Amino acid sequence: MRFANLYVRTAVLASLILAACACQTAHKPVALLPPGTAPALKPLAPPAPAAVATAQPAATQAEEAAQKPASADASSPASPAPASDPVADLIARVEKEYQAGLANHQAGKVDDAKQNFDSALNALLGSNLDVRSDERLQKEFDRVVEGVNELYPGGTGAEGEAQQKNEPAPIDETNGLAPAAEAGVKAKAEAEIRSTRSDLPLMMTDQVAGYITYFSGHGRGVFERAFARSGRYHDMIVSTFKKEGVPQDLIYLAQAESGFHPLAVSRVGARGIWQFMASRGRGYGLHHSMWVDDRQDPEKSTRAAARHLKDLYNQFGDWYLAMAAYNSGPGTVQAAVKRTGYADFWELYRRNVLPKETRNYVPIILAVTIMTKNPSQYGLEDVVMDRPADYHTVTINYPVDLRLVAECVNSTAPELQDLNPSLLRLTTPREGQFELHLPAGTKDQYDTAIASIPTDMRLWWRYHTVHAGDTLASLAHTYHTTAKTITEVNHLDSPELEADAKLVIPVAPGKHPLSDAATYARRITRYKVRKGDTVDSVAENFGVSPQMLRRWNGLRGNSLSGRRVLALHLPVSPSAHDAEVAASRTKSKRPKTTETATTKPPATKSAQIERLKTGDEETTQAAVVHHKVKIGETLYSIANAYRTTVAALKRDNRNVAVLHPGMILIVQHAR
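Parameters at a glance
Residues numbered from 1 in each chain as written. Predicted model: local features only at pLDDT ≥ 70, side-chain atom pairs only at ≥ 80, totals over all residues. Heavy atoms only, no water. Helix = DSSP H or I, 4+ residues; strand = E, 2+ residues; numbered from the N terminus. Contact = heavy atoms within 4.5 Å. Areas by Shrake-Rupley, 256 points an atom, 1.4 Å probe, with all protein chains shown as cover. pLDDT = per-residue confidence, 0-100. Core = buried A, V, L, I, M, F, W, Y, C linked by side-chain atoms within 4.5 Å. Buried < 20%, exposed > 50% of the residue type's maximum accessible area, 1.4 Å probe, protein only. Axes fitted to C-alpha atoms, helices over the stretch in contact; angles between N-to-C directions. Parallel < 35°, antiparallel > 145°, perpendicular 65-115°, else oblique. Left-handed = near helix turned anticlockwise from the far one by under 90°. Nonpolar A, V, L, I, M, F, W, Y, C, P; charged D, E, K, R; others polar. Salt bridge = Lys/Arg side-chain N within 4 Å of Asp/Glu carboxyl O. Phe/Tyr/Trp six-rings, centres within 6.5 Å; stacked < 30°, edge-to-face > 60°. Lys NZ or Arg CZ within 6 Å of the ring centre and 35° of its normal. Polar contact = N/O pair within 3.5 Å; in protein donor to acceptor, adjacent residues only side chain to side chain. Expected span 1.5 Å × (residues − 1).

**Student:** Can you lay out the overall build of the protein chain for me, pointing to particular residues and giving the numbers?
**Tutor:** Summing up its helical and strand segments, the protein chain has 27 helices and 12 strands in all. The long-range fraction of contacts in the protein chain, counting pairs at least 24 apart against all pairs at least 6 apart in sequence, stands at 72%. Accessible surface for the protein chain amounts to roughly 32500 Å². Of this, 52% is attributable to carbon and sulfur atoms.

Take a look at the structure:
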């Protein structure tokens with residue numbers, strides 16, 4: 001899949017920032033505390049003037065301290081300059097790979113060139129140096145990215161290697177607020193605390209009451225979606241925390257941070273359910289590459305979070321300070337304690353010596369804890385909780401495309417991405433082992449099917465279920481191969497194909513069809529572009545691939561700036577016939593040659609029955625139904641069938657992005 005130039009640049013920059021930053025805030029990165037060796041809180045002493053006044057990032061200070069001899073003190077003479085310059089050494093390595101890539105590209109060695117460019121970027125991604133802190137690094141980074149983007153506007157990845165779509169981390173919005181408490185909220189919450197059992201100390205302040213008011217009103221949707229998603233991970237997290245010896249109610253830190261979304265990414269690059277920065281994550285065994293990011297693995301990141309929180313508690317001796325240090329880094333909190341002489345979060349809050357985001361952080365977590373542990377008092381009894389994912393694990397030591405895996409187990413690539421959130425692309429890592437999660441009960445089915453695909457072809461070949469009307473010629477055309485090759489690989493004695501038969505499809509590397517075996521309706525659908533739309537968002541809503549959408553409309557990037565209407569073809573497959581018929585019933589009054597897809601603005605308030613306005617300003621009542629998802633259905637086909645919008649479906653179903661057959665959707669449709 002080809003990416004837009006801007007998208008690739010943004011993704012690479014974000015990844016670089018992830019690897020370079022060492023704390024949860026962009027302003028004050030701090031040095032990593034090694035697991036299990038966190039020092040005890042030192043006796044308080046008046047701070048040195050330089051320590052208070054310095055504006056130098058803590059990570060830089062720590063880096064310099066690491067280079068300073070142990071016997072050195074403030075009065076010691078300056079040590080000789082080190083023989084080597086880490087920044088210069090890194091630039092030299094990056095430049096060597098970049099120049100090799102340019103040479104290979106010029107010589108027509110495309111794959112070698114891409115590997116060189118990826119190695120150059122990986123050198124930056126794997127570095128502990130902050131690209132923003134050194135003008136030379138920033139200049140080199142800009143030059144490499146711009147050069148690669150000029151040669152490969154869609155990125156250097158192979159076809160179909162689209163990265164997972166990130167979700168904004170809720171903490172970015174909430175910790176920038178300062179909500180006031182409504183009358184009576186604080187007194188009510190104080191009464192609830194007295195009867196609330198928690199292994200964390202619960203305290204009621206004006207700030208905590210303000211966030212309870214916010215989550216009960218304007219922030220209700222954010223809170224409920226996170227509360228519902230907690231059902232998927234609750235048992236795993238509580239069990240892990242119990243095993244690691246930390247308070248189990250620290251689970252609510254994740255609810256406040258990420259809303260329990262493995263793909264959540266903050267503005268400063270913290271990632272995953274537990275919002276680890278890259279270098280902090282590496283200190284606790286969470287590694288990332290171009291293919292995998294362990295911070296997005298719920299189980300691995302939960303173990304890391306438990307150990308990190310335990311280390312912070314061992315350092316500060318207080319869970320409130322430990323939570324504050326989790327947000328801004330232990331160095332920031334330690335400095336605040338030394339400046340004031342108080343190892344107490346609320347005293348540091350009162351003296352305004354912590355970053356604003358950190359001051360709000362603990363009250364947010366306390367508000368979430370109090371509300372979640374008192375569901376009846378806050379109207380949460382009717383929230384439908386997500387269920388834990390049921391999956392089996394198979395350990396593989398070869399790269400494989402998730403679309404091939406899906407074909408082997410009669411699943412879908414999005415479902416497999418959902419089960420394997422640590423995968424950044426539609427393929428498993430090129431090297432090493434990977435624990436692949438499969439739908440429950442399909443392990444043996446996968447082992448049998450994948451055995452028919454050569455190990456070195458599992459990124460390219462496909463496993464096809466024959467549908468009525470399929471022929472060797474049509475399959476060869478669809479998959480960019482030949483009928484003879486399909487016949488030979490499958491040892492076919494006859495050109496006749498039986499329905500539901502399984503065929504191995506040998507696809508030459510790099511020759512995946514743009515549609516990847518998808519079938520599209522001949523009828524043209526015209527979509528009116530709305531503000532904020534992108535190629536990726538429209539493609540997702542309609543269940544088509546971004547590359548096909550670009551092909552149909554002569555687009556190159558991800559931006560739809562200047563475009564008012566898009567032409568597209570809806571996806572069709574034999575198994576989706578019923579969905580297509582249902583959708584077509586709502587369009588019988590439209591011209592037969594084209595359809596017009598218009599998206600109504602989403603309603604501003606969720607309700608079981610509400611009034612929606614159609615395009616001609618007539619008002620109709622919306623009826624609530626429960627729709628069972630069929631194989632092949634998309635958000636768009638369901639929205640059309642019920643005369644509603646994709647935005648409304650997502651709003652009323654906790655921002656659902658992946659549909660599974662049998663899933664029940666709440667639908668409010670005009671009648």
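Moving on from the coordinates now.
**Student:** Tell me about the confidence of the model for the protein chain, residues and numbers included.
**Tutor:** Mean pLDDT over the protein chain works out to 76, with 71% of the residues at or above the 70 mark. Considering only residues more than four positions removed or in separate chains, one finds that residues 153–161, a stretch of pLDDT under 50, has 35 contacts. Every residue in residues 572–621 is under pLDDT 50, and counting partners more than four places away or in other chains gives 87 contacts.

**Student:** Can you explain the nonpolar core? Please cite residues and give values.
**Tutor:** Soluble globular proteins tend to bury their nonpolar side chains together. With 70 residues, the main nonpolar core has Ile212, Phe215, Trp274, Tyr326 and Phe345 as its most contacted residues. Of the residues forming this core, the biggest block, nine residues, is contributed by helix α17 (residues 356–372). The residues touching Phe345, leaving out its near neighbours within four places in the chain, are Tyr320, Leu321, Ala324, Leu354, Thr358, Arg359, Val362 and Pro363. Counting residues in each nonpolar core, the second largest holds 30 residues, with Met290, Leu436, Tyr446 and Val504 among its members.

**Student:** Residue-level account of unusual backbone geometry, with values.
**Tutor:** Look at Asn352: it is not a glycine, yet its phi comes out positive at around 60°. If you trace the backbone, Asn352 turns up in the loop between α16 (345–350) and α17. Judged by relative accessible area, Asn352 falls into the exposed class, the value being 51%. Backbone geometry places Asn410, a non-glycine residue, at a positive phi of 55°. With respect to the element layout, Asn410 can be found in the loop between α18 (402–409) and α19 (413–419).

**Student:** Could you give an account of the environment of Ala336, naming the residues involved and the relevant values?
**Tutor:** Position of Ala336 relative to the elements: it lies in helix α15 (residues 330–340). Taking the relative accessible area as the measure of exposure, Ala336 reaches 2% and is therefore buried. Counting along the chain gives 19 residues from Ala336 to Pro355, while the straight-line C-alpha distance between them is 9.9 Å. Once residues lying within four places of it in the same chain are set aside, the contact partners of Ala336 are Leu348, Val353 and Leu354.

**Student:** Describe the packing of helix α11 (residues 251–258) against α17, with residues and values.
**Tutor:** Where α11 meets α17, the closest approach of the two axes is 9 Å, and the angle between their N-to-C directions is 115°. Comparing the axis directions of α11 and α17 gives the class roughly perpendicular. Both α11 and α17 take part in a crossing whose hand is right-handed. Together, Tyr252, Leu253, Gln255, Ala256 and Glu257 of α11 and Tyr361, Ile364, Ile365, Val368, Thr369 and Thr372 of α17 make up the contact between the two elements.

**Student:** Just give me the short version of the packing of helix α8 (residues 185–194) against helix α9 (residues 206–216), but keep the residues and values in it.
**Tutor:** At a minimum axis distance of 9 Å, the contact between α8 and α9 shows a crossing angle of 100°. By the criterion of interaxial angle, the relationship of α8 to α9 is roughly perpendicular. Every residue of α9 that contacts α8 at Val185, Lys186 and Ala189 is listed here: Asp206, Ala209, Ile212 and Thr213. For the contact of α8 with α9, the per-class residue count stands at four nonpolar, one polar and two charged.

**Student:** Can you explain the pattern of salt bridges? Please cite residues and give values.
**Tutor:** All chains considered together, the criterion is met by 16 salt bridges. With a shortest N-O distance of 2.7 Å, Glu192 and Lys188 are connected by a salt bridge. Taken together, the positions of Glu192 and Lys188, both in helix α8 and four residues apart, correspond to about one turn of that helix. For Asp249, the salt bridge is made with Lys373, and the minimal N-O distance between the two is 3.4 Å. A residue pair is termed long-range when its members are at least 10 positions apart, and Asp249 in the loop between α10 (220–244) and α11 and Lys373 in the loop between α17 and β3 (391–396) qualify at 124 residues. Judged by relative accessible area, Asp249 falls into the buried class, the value being 8%. Classification of Lys373 as partly exposed rests on a relative accessible area of 26%. Each of Asp401, Arg403, Glu407 and Arg462 takes part in one network of salt bridges that share partners.

**Student:** An account of the environment of Ala389 is requested, with residue identities and associated values reported.
**Tutor:** Assignment of secondary structure puts Ala389 in the loop between α17 and β3. Look at Ala389 and you get partly exposed, because its relative accessible area is 29%. For Ala389 and Gly231, which are 158 residues apart along the polypeptide, the C-alpha to C-alpha distance reads 9.9 Å. If sequence neighbours within four positions are ignored, Ala389 has contacts with Arg232 and Leu419.

**Student:** Lay out the packing of aromatic side chains in plain terms, naming residues and giving numbers.
**Tutor:** Taken as a whole and assessed by the stated rule, the structure comprises 12 aromatic pairs. An aromatic cluster of at least three residues, connected via ring pairs, comprises Tyr211, Tyr214, Phe215, Phe223 and Phe227. It is Lys188 that lies over the ring of Tyr378; its NZ or CZ is 4.1 Å from the centre. A cation sits over an aromatic face here: Arg430 above Trp291, 4.1 Å from the ring centre.

**Student:** How would you explain the side chain of Asp293 if you had to name every residue and give the values?
**Tutor:** Along the chain, Asp293 falls in the loop between α12 (278–283) and α13 (298–316). Take Asp293: its relative accessible area is 2%, and that puts it in the buried class. A polar contact of 2.6 Å, which involves the side chain of Asp293, links it to the side chain of Arg295. Apart from the residues within four sequence positions on either side, Asp293 is in contact with Arg271, His287, His288, Ser422 and Leu424.

**Student:** With reference to specific residues and values, describe the environment of Ile91.
**Tutor:** Here Ile91 lies in helix α4 (residues 86–106). If we ignore the near neighbours within four places in the chain, the residues touching Ile91 are Arg136, Leu137 and Glu140.

**Student:** Before we move on, can you summarise α4 with the specific residues and values?
**Tutor:** In this model α4 runs 30 Å from its N-terminal to its C-terminal C-alpha over 21 residues, within 8% of the 30 Å that 1.5 Å per residue would give. Looking only at α4, the buried set comprises Val87, Leu90, Ile91, Val94, Glu95, Tyr98, Gly101 and Asn104. With a side-chain oxygen positioned 3.1 Å from the backbone nitrogen of Val87, the residue opening α4 is Asp85.

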